[in-house]
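Topology and contacts: notes
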Amino acid sequence: MLGGLIEGNLAAHPEREALLKPAAVGIIADDAGVAVTLRFTPSVVTVANGLTGGKLDLVIRTTADDLIGLSSVPLRFGLPDVLTADGRAVTRKLLSGKLKVRGLFRHLLTLTRLQRLLSVV
């Protein structure tokens, strides 16, 4: 599903191909029992079931609903924009531990690029 969404967004917004920088991201939805690994290169996005293939730059762990919310919240400098209600809600979840992002501060730009690749706007 994520691969198709990214592929569709790249087709609709060819300028987003510049966002394909080398990175590896793990996404875990604990409540759904689902985990995926996204690997980006300048020309290919690979999606695999489970956390696979070695070192991951970012690991995002939360509920499925929070993942959907994270994909639509506006980011400012790679972090949720606290000037918006959605951004404040995501920030509260980050601070309370309901949303865990390992590698967040080392890879802020990776999170920003991922959010732009998954955004349908």
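Look above for the structure.
Let me sum up the structure you'll find in this document. Quick caveat, the model's predicted, so the values are computed rather than measured. Here, residues in each chain are numbered from 1, in the same order as that chain's written sequence. Local features in a predicted model are, by the rule used here, given only for residues with pLDDT of at least 70; side-chain atom pairs are given and counted only at 80 or more, and totals for whole chains, interfaces and linings are based on all residues. Side-chain numbers come from the whole structure's heavy atoms, not from hydrogens or water.

**Some details on the environment of Thr 63**
- Elements are defined by DSSP. Helices are runs of H or I of four residues or more, strands are runs of E of two residues or more, and each kind is numbered from the N terminus. Tracing the sequence through the fold places Thr 63 in the loop between β4 (58-62) and α2 (64-72).
- Its relative accessible area of 30% is what places Thr 63 among the partly exposed residues.
- The spatial distance from the C-alpha of Thr 63 to the C-alpha of Asp 31 is 5.5 Å, given a sequence separation of 32 residues.
- Identification of polar contacts relies on pairs of N or O atoms within 3.5 Å, with a donor-acceptor requirement for protein atoms, meaning one able to donate a hydrogen and the other able to accept it, and with residues adjacent in sequence counted only if both atoms are side-chain atoms. Within the structure, the side chain of Thr 63 is placed 3.2 Å from the backbone nitrogen of Asp 66, a separation counted as a polar contact. Any residue under 20% of the maximum accessible area for its type is buried, any over 50% is exposed, and the rest in between are partly exposed; the area is computed with a 1.4 Å probe on protein chains only.

**What to know about the side chain of Asp 57**
- By the secondary structure assignment, Asp 57 is in the loop between β3 (45-49) and β4.
- A distance of 3.4 Å separates a polar atom in the side chain of Asp 57 from a polar atom in the side chain of Lys 55.
- In this structure Asp 57 touches Ala 23, Ala 24, Arg 102, Gly 103 and His 107, once residues within four positions along its chain are discounted. By definition in these notes, contact holds between two residues if any of their heavy atoms fall within 4.5 Å.

**Considerations on the pattern of salt bridges**
- Here, a salt bridge means any side-chain nitrogen of Lys or Arg that lies within 4 Å of a carboxyl oxygen of Asp or Glu. Going through the model one piece at a time under the given rule, you end up with three salt bridges.
- Among the ionic pairs, Lys 55 bridges to Asp 57, the shortest N-O distance being 3.4 Å.
- A relative accessible area of 64% places Lys 55 in the exposed class.
- Judged by relative accessible area, which is 14%, Asp 57 ranks as buried.

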